Number of protein chains: 2
Amino acid sequence: MLVTLLAIARILPQGADVTLDDISRPSRLAGPGEGISDEELALAARNHGMPLEALRYDVTPPGLHYVLIHYDIPAVDAHHWRLRLGGQVRRRVELDLAMLQSLPARTVRVTMECAGNGRARLQPRPVSQPWLVEAVGTAEWTGAPLRDVLATAGLLPSAVEVVFTGADHGVERGVEQDYQRSLPVAEALDGDALLAYSMNGAPLPPQHGFPLRLVVPGWYGMAHVKWLVAIDAVDAAFTGFQHHAYRLRRDADDPGEPVTRIGPRALAIPPGMPDFMSRTRIVRPGLIMLEGRAWSGRAPVRRVEVSTNGGGTWASAVIEPAGDHRWAWRRWHHAWTATPGRHTIMARATTADGEVQPADQAWNRGGFANNAAQQIPVVCLAP
Amino acid sequence: MLVTLLAIARILPQGADVTLDDISRPSRLAGPGEGISDEELALAARNHGMPLEALRYDVTPPGLHYVLIHYDIPAVDAHHWRLRLGGQVRRRVELDLAMLQSLPARTVRVTMECAGNGRARLQPRPVSQPWLVEAVGTAEWTGAPLRDVLATAGLLPSAVEVVFTGADHGVERGVEQDYQRSLPVAEALDGDALLAYSMNGAPLPPQHGFPLRLVVPGWYGMAHVKWLVAIDAVDAAFTGFQHHAYRLRRDADDPGEPVTRIGPRALAIPPGMPDFMSRTRIVRPGLIMLEGRAWSGRAPVRRVEVSTNGGGTWASAVIEPAGDHRWAWRRWHHAWTATPGRHTIMARATTADGEVQPADQAWNRGGFANNAAQQIPVVCLAP
């Protein structure tokens, strides 16, 4: 560590001539066998996943839902806070929280997943927030439908996208920015996108976007802009930093495809008990009810399959009905008779369109949308 | 990764003869230059620290308080849950939640810190939960004073310690166990220890010990047993696993001293804005109000000092009064005029007993109680 710091000190300028490019470096891939770096650890210590035993809850309790924050959690004073609507609109509008709360409210149960979930399992590993598989959570978001809020300003026919600006501010790959993302007008006017001021019946916690965030059911987390301060209708496709950052690229020069909707995924609650350090699961022989959740932001999940031999054979799990919750995960279960020895539990989801979770990684340079099937090593002890 | 798994597969038994010792290994130190391992990353993805900008809050909002869970979060049904008191007592007692809530309630604001906070900064690094400095949080805990609950059973004169058993169950260093810790009788009868059923005015979240946890103000987190199911008075010092695990040892053979009360620490809110990946702080020239919190579970904090040149010189910060909150952190602030170039911000606390946070690590094999002063690299850009 000391050696590393000294090495950096020799390379980097010490004086008044230091620039953003000296401290905010291009993205990179980890080298062969390279352990998780200090930078990745610093992100992992701030942001957190959902402990997988919390898959037992229909709605994730406060504090267990995953969190990914690009910069800092901003300190927002709700009394002085305003949402500004502008750009290609008939009239500029400024709304306070009370005005938003006076619009007809809607509550949607949404399973949200970080686009980078599964990144740390990729080979080679893109160096960024090092998620394993826990970057997920389900909440009931209450707010005003986005289309109703947009109607207060009136989109002009020239509007092709809507840009959302958050209050979080920082530097990324050399670019100083507010966090910004856009949605196509058609998606923004879709009935399910919400400007949420409440999570599970309470005001938004600071880390989830207090006082207002965008919720776009079925999309990866990067679309759900937190700490919203401005919405601007624009007459050309948004080309801001995050539009380029969240793309599926083979290499740095590949323009790639944008990351949008959540791929299908099934996760199991790790059975038995853990070893503290290795997190290996330990069970005893006999009947074990495997259970978990499955979701998709594309076509709905139609089937969940479970393997207890590392993908050698698969059996269909029982899936519970979705009920009224199109955008929330569904519970599934499957009985397994454990016998002494080592086992690898896997689960995979298939959508109504026939999209199946892959057994292997679909590698891309940003480490996005890696929905390779979960693998849980389990040891069954002799009786 | 694949290579590692294959290497392990050659060493470890595959069949029915697998034992706990094959999967639950002795503690170890990371080798020189060894990056964070997959095992440490898996712990970092589950457990989480408090993003340091949350030092701005007197009481940490839900979900931002640090969490460290040894095994799994147990699923406890509050309706069937009971707390059993036994051992060296006049009468065995079983209490349900309503009975505990009918005892006179007390609320205490407590800053809690993991004993392993700072572990990942140690050289060599003990391989366990890889905390940097964020394993802290402050909450208002409401519950029944421990001494009042013990009085319902009546401690016998033979009782020397009180053992607390949680519902979380797992394997650690080859030992299957419920999480258990003890307190000396004198400490247990101290007026500030609490059996808490409420955190910040709401029922305990699952990850913080629902429905009941022990709170021992001033002690590191390992003492505050979560998901309590049993309290047993014993006539000899408790020698369970966690008693041996949480000790300050020079090497594996050193009996060491037990980890008890929280050492003094000051932390600053990282100023300016972050670079996403390196977390380097970026400011612009001019007056910056540095602020943070300081706490101690030993003698109270008497002084906080700030250095803006990596410890070359120190200046006293202004500390706000503790008010009625003896066991909570205190806010401090210090004005700094930033000039272009690289700076290292540090803060350190001194107690009324004259204990000062060290500039260097006080290394021990478990990586406990490392309260070396925080260092924040800051880059001030030219105007």
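All of these numbers come straight from a predicted model, not from anything done at the bench.

Each value, and the rule that gives it
- Residues numbered from 1 in each chain as written.
- Chains lettered and ligands numbered in written order.
- Predicted model: local features only at pLDDT ≥ 70, side-chain atom pairs only at ≥ 80, totals over all residues.
- Pairing = 2+ DSSP bridges.
- Helix = DSSP H or I, 4+ residues; strand = E, 2+ residues; numbered from the N terminus.
- Axes fitted to C-alpha atoms, helices over the stretch in contact; angles between N-to-C directions.
- Least-squares fit on C-alpha atoms with pLDDT ≥ 70 in both.
- Contact = placed C-beta atoms within 7 Å.
- Buried ≥ 20, exposed ≤ 12 C-beta atoms within 10 Å, placed from the backbone.
- Arc of directions from axis to C-beta.
- Nonpolar A, V, L, I, M, F, W, Y, C, P; charged D, E, K, R; others polar.
- Domains from an automatic or database assignment.
- Core = buried A, V, L, I, M, F, W, Y, C linked by C-beta atoms within 7 Å.

## With respect to the sheet that holds strand β5 (residues 161-172) of chain A
All names here are of chain A. One open sheet holds the five strands; their spatial order is β2-β1-β10-β5-β6, and the pairing between them is mixed. Looking at the sheet topology across the chains shown, the edges are occupied by β2 (93-95) and β6 (175-184). On average, adjacent strands in this sheet sit at an angle of 25 degrees to one another, irrespective of strand direction. Where strand β1 (residues 83-87) and strand β10 (residues 228-234) come together, four bridges link them in parallel fashion. Looking at the pairing, Leu 85 lines up with Ile 231 of β10.

## Comments concerning the relation of the copies chain B and chain A
Once turned by 180 degrees and shifted 0.0 Å along the axis, chain B lies on chain A with an RMSD of 0.0 Å. Taken together, the rotation and translation describe the operation of a two-fold axis. Comparing interface residues between copies, 100% of those in chain B also sit at the interface in chain A, which points to an isologous, same-surface contact.

## Observations concerning helix α5 (residues 146-153) of chain A
Since one α-helical turn is 3.6 residues long, residues separated by three or four positions face the same way. Residues and elements named next belong to chain A. Among all positions of α5, only Leu 146, Val 149, Leu 150 and Ala 153 are buried. One side of α5 holds all its buried residues, which, seen down the axis, span an arc of 100 degrees. Contacts from the buried residues of α5 go to β1, β2, α4 (97-102), β4 (136-145), α6 (185-188) and β7 (194-199). Trailing α5 by a residue or two, Gly 154 shows a phi angle of about 80 degrees, which is positive.

## Here's the deal with the interface of chain B and chain A
Residue-level contacts link 61 residues of chain B with 62 residues of chain A. Put simply, the parts of the chain that give the side of chain B that touches chain A at least two residues each are α3 (38-46), β5 (161-172), β14 (273-274) and β21 (341-351) of chain B. Here the side of chain B that touches chain A takes six residues from α3 of chain B, the largest share from any one element. A class-by-class count of the residues in the side of chain B that touches chain A yields 33 nonpolar, 17 polar and eleven charged.

## Considering the pairing of strand β1 (residues 83-87) of chain B
All names here are of chain B. Side chains of β1 alternate between two faces, with Leu 83, Leu 85 and Gly 87 buried and Arg 84 and Gly 86 left unburied. Bridge count between β1 and strand β2 (residues 93-95): three bridges; the pairing is antiparallel. Among the inter-strand pairings, Arg 84 is bridged to a residue of β2, identified as Glu 94. Between β1 and β2, which follow one another and run antiparallel, lie five residues.

## Considerations on unusual backbone geometry
Residue and element names in this part refer to chain A. In this chain, Phe 210 is followed by Pro 211 through a cis amide linkage whose omega measures 5 degrees. Along the chain, Pro 211 turns up in the loop between β8 (202-203) and β9 (213-215). Although it is not a glycine, Trp 227 sits at a positive phi angle of roughly 50 degrees. You can see Trp 227 is positioned in the loop between β9 and β10. Classification of Trp 227 by C-beta neighbours within 10 Å gives buried; the count is 25. We note that Ala 369 has phi near 55 degrees; this positive angle belongs to a residue other than glycine. The exposure class of Ala 369 is buried, given the 22 C-beta atoms found within 10 Å.

## Quick look at the domain arrangement of chain A
All names here are of chain A. As assigned here, chain A comprises domain 1 (23-258) and domain 2 (265-380). In this complex, domain 1 contributes 30 residues to the contact, which on the side of domain 2 involves 23 residues. Every element with two or more residues in the side of domain 1 that touches domain 2 is listed here: β3 (106-113) and β11 (247-248). The biggest single contributor to the side of domain 1 that touches domain 2 is β3, with four residues. The residue inventory of the side of domain 1 that touches domain 2, partitioned by class, reads 13 nonpolar, seven polar and ten charged.

## Looking at the sheet that holds β1 of chain B
Residue and element names in this part refer to chain B. In spatial order, the strands read β2-β1-β10-β5-β6; together these five strands make up an open sheet with mixed pairing. Two strands close off the open sheet at either side, each with one partner strand: β2 and β6 (175-184). This sheet shows a mean twist of 25 degrees between the axes of neighbouring strands, independent of strand direction.

## Some points on the nonpolar core
Of all hydrophobic cores here, the largest spans 207 residues; its most connected members are Leu 195 and Val 215 of chain A together with Leu 195 and Val 215 of chain B. Not counting residues within four places of it along the chain, the set of residues in contact with Leu 195 of chain B comprises Leu 100, Gly 143, Ala 144, Leu 146, Val 149, Leu 212, Leu 214 and Leu 228 of chain B.

## Thoughts on the pairing of strand β17 (residues 301-307) of chain A
All names here are of chain A. For β17, a buried count of five out of seven residues is recorded, marking the element as mostly surrounded by other parts of the structure. Both β17 and strand β21 (residues 341-351) contribute to a ladder of six bridges, which runs antiparallel. Paired with Val 306 across the bridge in β21 is Ala 347. Where β17 meets strand β18 (residues 315-316), two bridges bridge the pair, whose relative direction is antiparallel.

## Concerning α3 of chain B
Of the residues making up α3 of chain B, those classed as buried are Glu 40, Leu 41, Leu 43, Ala 44, Ala 45 and Arg 46 of chain B. In this fold, the buried residues of α3 of chain B make contact with α3 (38-46) of chain A.

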